[in-house]
Amino acid sequence: MKGDFVARVISNARAAELVSDISLELPPEASGIDPRPGQFAHLSVGGLFLRRPISIAGFDGESLRVRMIVRNAGRGSGAIASLEPGESVRMLLPLGSPFPVEDLAERRGKSGGAKKIHLVAGGIGAAPLLFAADFIRALNEVRGGIFSVESFAGFRDEASSFGADEFGRAGACRLVIGGLVTDALEESLGRGAPDAVLACGPEPMLEALQGICSANGIAAYASLEARMGCGVGACLVCSRRARAGGGAGYRRVCRDGPSFDLSEVIFK
Amino acid sequence: MTSLETNLCGVRLKNPLIAASGTFGFGREYDELYDISCWGAISVKGLTNLPRSGNPPHRIAETASGMLNSVGLENPGIDAFIRDELPRLASRGVTVIANVAGSDLDDYREAVRKLSDTETAIIELNISCPNVKEGGAQFGASPRSVGEATSAARRHSSKPLMVKLSPNTADIAVAARAAEDAGADAISLINTITGMAIDVRTRRPVLANVTGGLSGPAIKPVALRMVWQAASAVSIPVVGMGGIADAEDVARFMLAGARAVMIGTANITDPMAGPRILAELEGFARTNGIADINELVGALETS
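Q: So what exactly am I meant to see when it comes to helix 6 (residues 203-215) of chain A here?
A: Every α-helical turn comprises 3.6 residues, leaving residues that sit three or four positions apart pointing alike. All names here are of chain A. Taking 1.5 Å as the rise per residue, helix 6 with 13 residues should run 18 Å; its terminal C-alpha atoms sit 18 Å apart, in good agreement. Among all positions in helix 6, only M205, L206, L209, Q210, I212 and C213 are buried. Downstream of helix 6 by a residue or two, G217 has a phi angle that is positive, lying close to 60 degrees.

As structure tokens, then:
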């Protein structure tokens, strides 16, 4: 179930330089929604014509609170990052194809026992992966340690970093400041490859990760960004090229994604 | 109780609200949010004979009170539409308008011929899409080519033919008359206005296609003026569009001469635009003592 709801801002805390950690409460009519890591919300921002797609960084079904971690990188994200408690925001959610966590739960692990998932985050890409970490942690409690999680979070500098403590609650977390988070991932392969990688971050990072995962036969899923129109898959402005079957075609980031099989993504 | 029913080329519409082509796909996505049969009709994504993948990103740019798009007519092709989409829409009780684009006259003839034996209610001829490099823009730009495209389609269509006019032309009234003279059963206007956006940091156009079509409230004054001029020039029904965002806008276009309206960009900013504007229209009619919505058509007073 998805819908367009007016949410109320509960809190907005500074997570890092230019990064805001915002909690918004949805109204009772939203109680049927069930957002998954990798999905996003399409926010209507005062003063701007188009809505802005923002990854869902967390969700609590009982309180109907949605978490968003937003980096001030432009007019739209800047307006969202500076939302104050008490303000109202209209948002359409949950949208998009999530990270295939349930699918991964059904697959056989490489070494039997718990399936090893690596989360690879670059900058603000950590936002949907924090949801993934928390979601997997909760799944482990219910299904008895079905996954083991290791996170790799890379940031440009100390001031922009966030989330390391939270990633640490789901499993080991390797924080990379100033270097390439993909280097850290590659080093870790010596200790045994994961069953799957979930990633979100800048395109060059994802492209490098694609190379590493294909060279090592690791299943990987990346959450992509795109300028969007409707956010539901009807207008086709967010289409991006991806491989499918023998050829290549356009896929909608808002609906066929944002989570894509990384091996199918075509980088320019 | 107001009657919102209207008639377009002999096709009964339950209300004058039509979802505009290009913003609504084939209805699947919005059907997940509400019952899409609430629309008077749905004009589906522009179809071409062969599937098209469309333009590379970026295909969208935000503007003041609007947006530019250069999707490039990405669509699965007419055969796939007839096979995979039309039966579903027809069984949902949706009145389907098939929007058809082409690069040359043969394209239009073939497309129209294929659709003639289907459950499509009306064929909308897209001769004005400014994003197609191989000729789409040319048809809509001059009255002569408007007439040629219309004649070519007319001869092969057993369905009512509605020609979607481009605003990127010197005289919209002349273009409207050209469509009427060539046998169009109705005209719809306006399509998007060709525009451009530039990124100062990269010093490049925002759109990969360089130019794109401007839509949304930004174009409403131009659209209203053109609908009024076109409706004054022809006797065939006119469907108006361009930045319609609420029931008062619907009323404005009807006063200017539109028998029905198309709502496109509003769906992008408000996914519930369809049912919202329908409810607003019912309220507007009640508040203003309108017994039959058709009394608004062409009722603009200019004396």
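Q: How should a nonpolar patch on the surface be read in this particular structure?
A: The grouping of M196, I198 and V210 of chain B at the surface amounts to a nonpolar patch, some 280 Å² of accessible area in total. A residue is classified by how much of its surface remains accessible, and V210 of chain B, at 35% relative accessible area, is partly exposed.

Q: Is there a simple way to think about the sheet that holds strand 6 (residues 66-69) of chain B in this case?
A: Paired through their backbone hydrogen bonds, the strands of a sheet run either parallel or antiparallel. Residues and elements named next belong to chain B. Judged by pairing direction, the sheet is antiparallel, and its 4 strands sit side by side in the order 5-6-14-11 without closing on themselves. Looking along the sheet, the strands with just one partner apiece sit at the ends: strand 5 (60-63) and strand 11 (193-196). Geometrically, the sheet is characterised by an average inter-axis angle of 40 degrees between neighbouring strands, direction not taken into account.

Q: Before we go on, may I ask you to explain the confidence of the model for chain B in this structure?
A: Do not read the predicted coordinates in detail wherever pLDDT is low. Residue and element names in this part refer to chain B. When the pLDDT values of chain B are averaged, the result is 94; 97% of them are 70 or greater. Of the regions scoring below 50 in pLDDT, residues 130-134 engages in 20 contacts with residues more than four places distant in sequence or in other chains. In the predicted assembly, ipTM is 0.94 and pTM is 0.96.

Q: Honestly, the environment of I177 of chain A in this entry has me stumped. Any pointers?
A: Residues and elements named next belong to chain A. In this structure, I177 sits in strand 10 (residues 171-177). As a C-alpha pair, I177 and S148 span 29 residues in sequence and 24 Å in three-dimensional space. Excluding its chain neighbours within four sequence positions, the residues that come into contact with I177 are F155, R156, D157, E158 and S161.

Q: Looking at this structure, I do not really get the side chain of E180 of chain B. What am I missing?
A: Mapped onto the elements, E180 of chain B comes out in helix 5 (residues 172-181). Those residues in contact with E180 of chain B that sit more than four places away from it in its chain are A233, V234, S235 and I236 of chain B.

Q: Is there a simple way to explain the interface of chain B and chain A in this structure?
A: Many descriptions give the size of an interface as the accessible area lost when the pieces come together. Contacts between the two partners involve 35 residues from chain B, matched on the other side by 25 residues from chain A. The contact between chain B and chain A buries some 2,500 Å² in all, and 61% of this surface belongs to carbon and sulfur atoms. On the chain B side of the contact with chain A, E29, I60 and E62 of chain B bury the most area, a combined 25% of that side's loss. Where R252 of chain A meets E29 of chain B, a salt bridge forms, and the shortest distance between an N and an O atom there is 3.1 Å. Scanning the region where chain B abuts chain A turns up 11 residue pairs in polar contact (both at pLDDT 80 or more). Elements with a minimum of two residues in the side of chain B that touches chain A: strand 5, strand 6 and helix 8 (265-269) of chain B. When residues in the side of chain B that touches chain A are grouped by element, the largest group, 4 residues, is from strand 5 of chain B. Among the residues making up the side of chain B that touches chain A, the classes are represented as 14 nonpolar, 14 polar and 7 charged.

Q: Whenever I open this one, the sheet that holds strand 3 (residues 17-19) of chain B confuses me. Can you help?
A: Residue and element names in this part refer to chain B. Read around the closed barrel, 8 strands run 3-4-7-8-9-10-15-16, paired in parallel fashion. Neighbour-to-neighbour, the strand axes of the sheet open up by a mean angle of 25 degrees, direction not taken into account. Taken together, the 3 bridges between strand 10 (residues 186-189) and strand 15 (residues 238-241) define a ladder with parallel strand orientation. Across the sheet, S188 pairs through a bridge with V239, a residue of strand 15.

Q: What is the right way to read unusual backbone geometry from this model?
A: Generally, phi is negative for residues other than glycine and the peptide bonds are trans, each holding for most cases. Looking along the chain, the bond that leaves G257 of chain A and enters P258 of chain A is cis, with omega of 15 degrees. Checked against the element boundaries, P258 of chain A lands in the loop between strand 14 (247-252) and strand 15 (259-261). Between L189 of chain B and the following residue, I190 of chain B, the backbone shows a cis peptide bond with an omega angle of 10 degrees. One non-glycine residue, C9 of chain B, lies in positive phi territory at about 55 degrees. With respect to the helices and strands, the residue C9 of chain B is situated in the loop between strand 1 (6-8) and strand 2 (11-13). With a relative accessible area of 22%, C9 of chain B lands in the partly exposed category. In the Ramachandran plot, R203 of chain B falls in the positive-phi region, its phi being about 60 degrees despite a non-glycine side chain. When you line up the elements, R203 of chain B lands in the loop between strand 12 (198-199) and strand 13 (204-205).

Q: What is the right way to look at the layout of surface pockets in this model?
A: Regions of empty space are outlined by a rolling probe, equal in size to a water molecule, passed over the atoms. Residues and elements named next belong to chain B. Empty space within the second largest pocket amounts to approximately 580 Å³. Lining the second largest pocket we find 41 residues, and of these S21, T23, N69, T192 and S215 sit closest to its centre. Residue contributions to the lining of the second largest pocket peak at 4 residues, all from helix 8. Split into classes, the residues belonging to the lining of the second largest pocket amount to 19 nonpolar, 18 polar and 4 charged.

Q: What exactly am I supposed to notice about the packing of helix 4 (residues 143-156) of chain B against helix 5 of chain B here?
A: Between two packed helices, the angle of one axis relative to the other and the distance separating the axes together describe the packing. Residues and elements named next belong to chain B. Close contact between helix 4 and helix 5 brings their axes to 8 Å; oriented N to C, the two are set at 25 degrees. When the interaxial angle is binned, helix 4 and helix 5 end up roughly parallel. With respect to the hand of their crossing, helix 4 and helix 5 are arranged in right-handed fashion. Note on element contacts: helix 5 touches helix 4 through V174, A175, A178 and A179, opposite P143, V146, G147 and T150. Residues of the contact of helix 4 with helix 5, tallied by class, amount to 6 nonpolar, 2 polar and no charged.

Q: What is the right way to look at the nonpolar core in this model?
A: Generally speaking, a soluble globular protein has its nonpolar side chains buried in company with each other. By size, the foremost hydrophobic cluster in this structure holds 122 residues, and its most contacted members are L125, I187 and L189 of chain B. Setting aside chain neighbours within four positions, we find L125 of chain B in contact with V100, Y108, V112, A149, T150, A153, L161, M162, V163 and K164 of chain B. I22, A81, L83 and A105 of chain A belong to the second largest nonpolar core, which has 56 residues in total.

Q: For this particular structure, what's the right way to read the packing of aromatic side chains?
A: Aromatic ring pairs are reported here in terms of the distance separating the ring centres and the angle at which the planes meet. Residue and element names in this part refer to chain B. Taken as a whole, this structure holds 7 aromatic pairs over all chains when the rule is applied. When the centroid spacing of 5.6 Å and the interplanar angle of 75 degrees are considered together, the rings of F24 and W39 count as edge-to-face. Linking F24 in the loop between strand 3 and strand 4 (41-43) with W39 in the loop between strand 3 and strand 4, this pair joins segments that are 15 residues apart in sequence. Just as F24 is buried, W39 falls in that class too. Measuring from centroid to centroid gives 6.5 Å for Y30 and Y34, while their planes differ by 40 degrees, and the two rings are tilted. For Y30, a relative accessible area of 0% corresponds to the buried category. An aromatic cluster is present here, built from F24, Y30, Y34 and W39 joined pairwise through their rings.

The rules behind these values
Along each chain, residues carry numbers from 1 onward, in the same order as the chain's sequence is written. As they are written, the chains are lettered A onward and the ligands numbered 1 onward, keeping that order. Where totals are concerned, whole chains, interfaces and linings use all residues; where local detail is concerned, this predicted model gives features only for residues with pLDDT of at least 70, and gives and counts side-chain atom pairs only at 80 or more. Calculation of side-chain values draws on the structure's entire complement of heavy atoms; hydrogens and water are dropped beforehand. The way it works is that DSSP assigns letters per residue, a run of H or I at least four long becomes a helix, a run of E at least two long becomes a strand, and they are numbered from the N terminus. One less than the number of residues in a helix, times 1.5 Å, gives the span that helix is expected to have. Throughout, exposure labels follow a simple rule: accessible area from a 1.4 Å probe, protein chains only, divided by the maximum for the residue type, with under 20% read as buried, over 50% as exposed, and the rest as partly exposed. For patch detection, residues must exceed 30% relative accessible area and be free of salt bridges, and they are connected within 9 Å for like charges or within 5 Å for nonpolar side chains (Val, Leu, Ile, Met, Phe, Trp, Tyr). The protein chains shown are the only cover counted for residues, whose accessible areas, like all others here, come from Shrake-Rupley with a 1.4 Å probe. Any carboxyl oxygen of Asp or Glu that lies within 4 Å of a side-chain nitrogen of Lys or Arg is treated as forming a salt bridge with it. Note: two strands are recorded as paired if DSSP finds a minimum of 2 bridges between them. In this description, a line fitted to the C-alpha atoms serves as the axis of each element, helices being fitted only across the stretch in contact, and the angle between N-to-C directions of two axes falls anywhere from 0 to 180 degrees. One number per residue, pLDDT, summarises how confident the predictor is, and it ranges from 0 to 100. Contact between two residues is taken to exist if any of their heavy atoms lie within 4.5 Å; hydrogens are not considered. Two parts placed together each lose some accessible area under a 1.4 Å probe, and adding up what both lose gives the buried area. Two N or O atoms count as a polar contact when they lie within 3.5 Å, although within protein this holds only if one can serve as hydrogen donor and the other as acceptor, and sequence-adjacent residues are included solely when both atoms are side-chain atoms. Residue type decides the class: Asp, Glu, Lys and Arg count as charged, Ala, Val, Leu, Ile, Met, Phe, Trp, Tyr, Cys and Pro as nonpolar, and the leftover types, Gly among them, as polar. Using only the protein atoms, space was sampled on a 1 Å grid; points where a 1.4 Å probe fits but cannot get out form cavities, open sets with protein on both sides within 12 Å along at least five of seven lines form pockets, and lining residues are those with an atom within 4 Å of a point. Grid points are joined across faces, edges and corners, and a volume is the space filled by probe spheres set on the points. Put simply, angles under 35 degrees are roughly parallel, angles over 145 are roughly antiparallel, angles from 65 to 115 are roughly perpendicular, and the rest are oblique. Definitions for this section: a left-handed crossing has its near helix turned counterclockwise from the far helix by less than a right angle. A right-handed crossing has that turn clockwise. Note on terminology: a nonpolar core comprises buried Ala, Val, Leu, Ile, Met, Phe, Trp, Tyr and Cys residues joined through side-chain atoms within 4.5 Å. A pair of Phe, Tyr and Trp rings is counted when the ring centres sit within 6.5 Å of each other, with Trp represented by its six-membered ring. The angle between the planes then sorts it: under 30 degrees is stacked, over 60 is edge-to-face, the rest tilted.

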